[in-house]
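# Secondary and tertiary structure notes
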Amino acid sequence: MKESPIISVILPTYNRAHLLSVAIKSVINQTFTNWELIIWDDGSTDNTLQVVHSIKDKRIRYFYENNRGVSYARNKAVEVSKGGYLAFLDSDDEWLFGKLEKQIQILGTYDFIDVLFSNYRNTTRGGQHTAFNSYKAVMEIMEVKRLDNAAQLITANF
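Computed from a predicted model, the values in this text were never measured in an experiment.

Before going further, it helps to spend a moment on the overall build of the protein chain. A count of helical and extended segments in the protein chain gives 5 helices and 8 strands. In the protein chain, the order of α-helices and β-strands from amino to carboxyl end is β-α-β-α-β-α-β-α-β-β-α-β-β. A burial count over the protein chain gives 34% of its 158 residues as buried. At a minimum sequence separation of 6, the contacts of the protein chain that also span at least 24 residues come to 63%. Carbon and sulfur atoms make up 51% of the accessible area of the protein chain, which amounts to about 10300 Å² in all.

Estimates place the volume of the largest pocket at around 1900 Å³. Lining the largest pocket are 45 residues, and of these Lys99, Gln103, Phe117, Ser118 and Asn119 sit closest to its centre. Breaking the lining of the largest pocket down by element, the ones donating at least two residues are α1 (17-28), β4 (85-88), α4 (99-109), β5 (121-123) and β8 (152-156). At 7 residues, the largest contribution of residues to the lining of the largest pocket is made by α4. A per-class count over the lining of the largest pocket returns 26 nonpolar, 10 polar and 9 charged.

Right, let's get into the nonpolar core. Note on soluble globular proteins: their nonpolar side chains tend to be buried together. Grouped together as the largest cluster of nonpolar side chains are 21 residues, with contacts concentrated most on Ile7, Val9, Leu11, Ile24 and Leu37. Sorting the residues of this core by element identifies β1 (7-13), α1, β2 (35-41), α2 (48-54) and α4 as the ones contributing at least two each. Among the elements that take part in this core, α1 stands out by supplying 5 residues, more than any other. Here Ile24 is in contact with Leu11, Leu37, Ile39, Val52, Ile55 and Ile60, once residues within four sequence places are set aside. Counting 6 residues, the second largest nonpolar core, distinct from the first, contains Leu107, Tyr110, Ile113 and Ala151.

A few words now on the sheet that holds β2. Read from one edge to the other, the open sheet built from 4 strands follows the order β3-β2-β1-β4, with strand pairing classed as parallel. Pairing within the sheet leaves two strands with one partner each, and these edge strands are β3 (60-64) and β4. Ignoring strand direction, the axes of neighbouring strands in this sheet form an average angle of 25°. Strand direction decides the pairing type here: β2 and β3, joined by 5 bridges, are parallel. Across the sheet, Asp41 pairs through a bridge with Tyr64, a residue of β3.

Applying the stated criterion to the full structure yields 6 salt bridges. Measuring nitrogen to oxygen at the nearest pair gives 3.5 Å for the salt bridge that ties Asp92 to Arg16. Here the residue Asp92 occupies a position in the loop between β4 and α4, and Arg16 occupies one in the loop between β1 and α1, the gap between them amounting to 76 residues. Of the charged contacts in the structure, one is a salt bridge between Asp57 and Arg59, with a shortest N-O distance of 2.7 Å.

What counts and how
- Counting starts from 1 at the beginning of each chain's written sequence and moves along it residue by residue.
- Side-chain atom pairs in this predicted model are given and counted only at pLDDT of 80 or more, local residue features only at pLDDT of at least 70, and totals for whole chains, interfaces and linings cover all residues.
- As a rule here, side-chain values cover all heavy atoms of the structure and leave hydrogens and water aside.
- Secondary structure elements follow DSSP: runs of H or I of four or more residues count as helices, runs of E of two or more count as strands, with numbering from the N terminus.
- Type-normalised accessible area, obtained with a 1.4 Å probe on protein chains alone, sets the label of each residue: buried when under 20%, exposed when over 50%, and partly exposed for intermediate values.
- Contacts between residues were defined by any pair of non-hydrogen atoms, one from each residue, lying within 4.5 Å.
- Using a 1.4 Å probe, the Shrake-Rupley method yields the accessible areas, and only the shown protein chains count as cover for residues.
- Note on definitions: the grid is 1 Å and covers protein atoms alone; a cavity is a set of points where a 1.4 Å probe fits but cannot get out; a pocket is an open set with protein on both sides within 12 Å along at least five of seven lines; lining residues have an atom within 4 Å of a point.
- Grid points are joined across faces, edges and corners, and a volume is the space filled by probe spheres set on the points.
- Residues are grouped as follows: nonpolar covers Ala, Val, Leu, Ile, Met, Phe, Trp, Tyr, Cys and Pro; charged covers Asp, Glu, Lys and Arg; every other residue, Gly included, is treated as polar.
- Here, nonpolar core refers to any group of buried Ala, Val, Leu, Ile, Met, Phe, Trp, Tyr and Cys residues whose side-chain atoms link them within 4.5 Å.
- Paired strands, as defined in this entry, are two strands with at least two bridges between them according to DSSP.
- Angles run from 0 to 180 degrees between N-to-C directions of axes, and those axes are lines fitted to C-alpha atoms, restricted for helices to the stretch in contact.
- What counts as a salt bridge is simple: a side-chain nitrogen of Lys or Arg found within 4 Å of a carboxyl oxygen of Asp or Glu.

Spelled out as structure tokens, the structure:
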């Protein structure tokens, strides 16, 4: 019997064929390799299927269903997932190299963590960048405790 993946990467998509290969390749290029990538095509009418089939990796699972919305697509992908952890990636995003490995290390070190997220860099078409920690108002209501050089524990301070 084949071993289940540790992480199921959930990637819903709808008419984003022009961006999809970047998202897929950012998963394939991760240093942590025990994952499955579930691409749930939410009724695309562009060449999404051809983009997915042009990338050869046995860890990729593709599903197509008529358009019902991104929440439906995410939930259906979760239903068919086999991994012990879920990771969510939008079809217009890409992950930085080593993201999954770092997150698996943190989850292995701190067994009390149930949900883990990472900082992000939002790049606009004009080339401007913002990150989660740049949102001062959000950070002001958080209580942050440094766990180590790679992780911080964030709790609401309501």
